[in-house]
Amino acid sequence: MTLKSYLALITLSTVTLIVIVVGLVLGYSLQNAYLEGITQRGLELGRVIAHNEKVIQAVELSNQGTSNDIEHYIETLRAQTDASYIVVVNKKGIRLSHPNPERIGKAFVGDDILPALHEGKDNTCVATGTLGKAIRNSIPIRHQGEIIGAISIGYLSQSTSTLIYSHLKETGLLVGFVYLLCIVIAVFLLIKLKRTFLSLEPEEIVQKFKEQELLLDSIRDGIVAIDEHQHITAINSTAVEWLDKNIPSRQQVVGECLSLHSQHLSHFALEAKGQISKRSFSLGKLNFIANLYPMQHKKDQFGYVIVFYPNHEEKSLEQELITTKNYADLLRTKTHEYSNRLNVLSGMLQAERYKEAIEYLQQESDGYQKILRQIIQSIESSAIAGLILAKYSKAIDSNITFHVDNDCQLSDYSPHTSESLVTLVGNLIDNALLAAWTNREKRRPEISLYISDRSAHIMIEVEDSGAGIAKDLENRILDFGISSKHSSEQHGIGLYLVKKIVDQYQGSLDWERSEANTTVFSVYLDKQALSQ
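Here is what the cut-offs are and how they apply
Residues numbered from 1 in each chain as written. Predicted model: local features only at pLDDT ≥ 70, side-chain atom pairs only at ≥ 80, totals over all residues. Heavy atoms only, no water. Core = buried A, V, L, I, M, F, W, Y, C linked by side-chain atoms within 4.5 Å. Buried < 20%, exposed > 50% of the residue type's maximum accessible area, 1.4 Å probe, protein only. Helix = DSSP H or I, 4+ residues; strand = E, 2+ residues; numbered from the N terminus. Contact = heavy atoms within 4.5 Å. Polar contact = N/O pair within 3.5 Å; in protein donor to acceptor, adjacent residues only side chain to side chain. Salt bridge = Lys/Arg side-chain N within 4 Å of Asp/Glu carboxyl O. Pairing = 2+ DSSP bridges.

## Remarks on the nonpolar core
Part 1 of the argument: Core analysis: the largest hydrophobic core is formed by 42 residues, its most contacted members being Leu424, Leu428 and Ile460.
Part 2 of the argument: Considering every element that reaches this core, the biggest residue donor is helix α12 (residues 415-438), with eight residues.
Part 3 of the argument: In contact with Leu424, other than residues within four places in its own chain, are Ile460, Val498, Ile501, Val502, Val523 and Leu525.

## Looking at unusual backbone geometry
Part 1 of the argument: In this model, Glu352 sits at a positive phi of 60 degrees, which is unusual for a non-glycine residue.
Part 2 of the argument: In this structure, Glu352 sits in the loop between α9 (314-350) and α10 (354-378).
Part 3 of the argument: Look at Asn399: it is not a glycine, yet its phi comes out positive at around 60 degrees.
Part 4 of the argument: Checked against the element boundaries, Asn399 lands in the loop between α11 (382-397) and β10 (401-404).
Part 5 of the argument: Looking at Asn399, the relative accessible area reads 64%, which means it is exposed.

## Digging into the side chain of Asp112
Part 1 of the argument: Mapping Asp112 onto the fold places it in the loop between β1 (85-90) and α4 (114-119).
Part 2 of the argument: At 2.5 Å, the side chain of Asp112 and the side chain of Arg136 are in polar contact.
Part 3 of the argument: Among residues more than four places away in sequence, those in contact with Asp112 are Asn123, Cys125, Ala127, Arg136 and Ser138.

## Considering the pattern of salt bridges
Part 1 of the argument: If you walk through the whole model with that rule in mind, you get 11 salt bridges.
Part 2 of the argument: Close ionic contact of Arg78 with Glu75 constitutes a salt bridge, the shortest N to O distance being 3.0 Å. With a gap of three residues between them, Arg78 and Glu75 both fall in helix α3 (residues 71-79), about one helical turn apart.

## Brief notes about the pairing of strand β14 (residues 519-526)
Part 1 of the argument: With six of eight residues buried, β14 lies mostly within the body of the structure.
Part 2 of the argument: The pairing of strand β12 (residues 457-464) with β14 spans eight bridges and is antiparallel. The residue bridging Met459 from the neighbouring strand is Tyr524, located in β14.
Part 3 of the argument: Hairpin connection of strand β13 (residues 508-513) to β14: five residues between the antiparallel strands, including Asn517 at a positive phi of 60 degrees.

What follows is the structure in structure tokens.
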């Protein structure tokens, strides 16, 4: 069922129920009020007639046995009212008047007049007489304090029902008009609501929000949306990490003032004045560029979408080009080196020195074959296995000894998890290789890798022969942009990415200096968290 149909059904049902209940209550109240009014009119009319001198005189004569015709007089009075009949009886209950002349002089039918004749009390009841069922009001007639007779004024049920139906019909028409008015208003509100929701169903709206969150998190630039009061309305994970690393989730940031997390961006928004602008600012040691795009919420009130990213200056780009050039030179050197080895092998084969050629080939391949067999047997994840082989080759090329523990073991995981593990292990090994190579003049460069998931956790240990971490950086080495390396191509994001992955999978990251003056980084990841 669509939102429009669902709301229409709920609205129609609610309005119908309310109208029915109100109609019933109103009808019941109207009927009771009308009947109560009839009763009061009957009693008041009876009291007036009971004090009429002509009526009192006629009743007195009747009690004395003398006839006195008051039928015409009573009928004339009845015609001027809405009463169905007016019956006057003497002390013995004999009728002195009646709409049907044939019943005059006969006894009154019904006991409801007795309280008026015997006790002098006004009485009202619904009873059936010779004219049918009616609301009958009985009033005593007194003369000089003595009860001499009574008057019964009746309203027949059929006539009363006709009058009540007439009044209820008018009320029903009013209720029907209100009902139609409510339906029209409900339809108008549904159309307005549908336009407000852009004709989207609730499930589609939820899906749009999920897509928006995924889209924001997939962008590596920081994105912040604020309203005209600079309250954050949307923010992606990258912006949260750069602006305030102490906040675990972006949901805690939404609704807060931007100035609480970045005074720079807050000032930029104030100075933008509804125009697209571009500014630069700093976060720690890193420089950023922010682009502000205005969104007009109300007249002369603007919110902004702020997109900010690290400022990669010309120097950084130049350094990247230099690094790429050095890598290309390294590839050319390796190509020349292997070309020489192929020439050596070709010469041995041409000289028919097959044994020496085989030994030469064996010598070149033994190292790679050993590590290859070890990795294939212990590492089931092809992504991790390929990474370790690549890093092993890089270590050999740099004259760094790379030890892979014989007790390593790692199962295969989902592509998403394997990607995270590749980032984690790759950054740890890269840091270890650089640390060992930097300290090569003081000791032989070497690194060791141990990885295992035999228990409920994945344990990763990377040890290097580097000089260790400077004391002034010990408490900040895992922060974004902090690095112990002096090379300009290193931006201090390797360990930060490692820490981010460790936190994502509810793990822990520790480092220490061993007794052999090596640096050991240890990572523990919860396997259950990896499978979620």
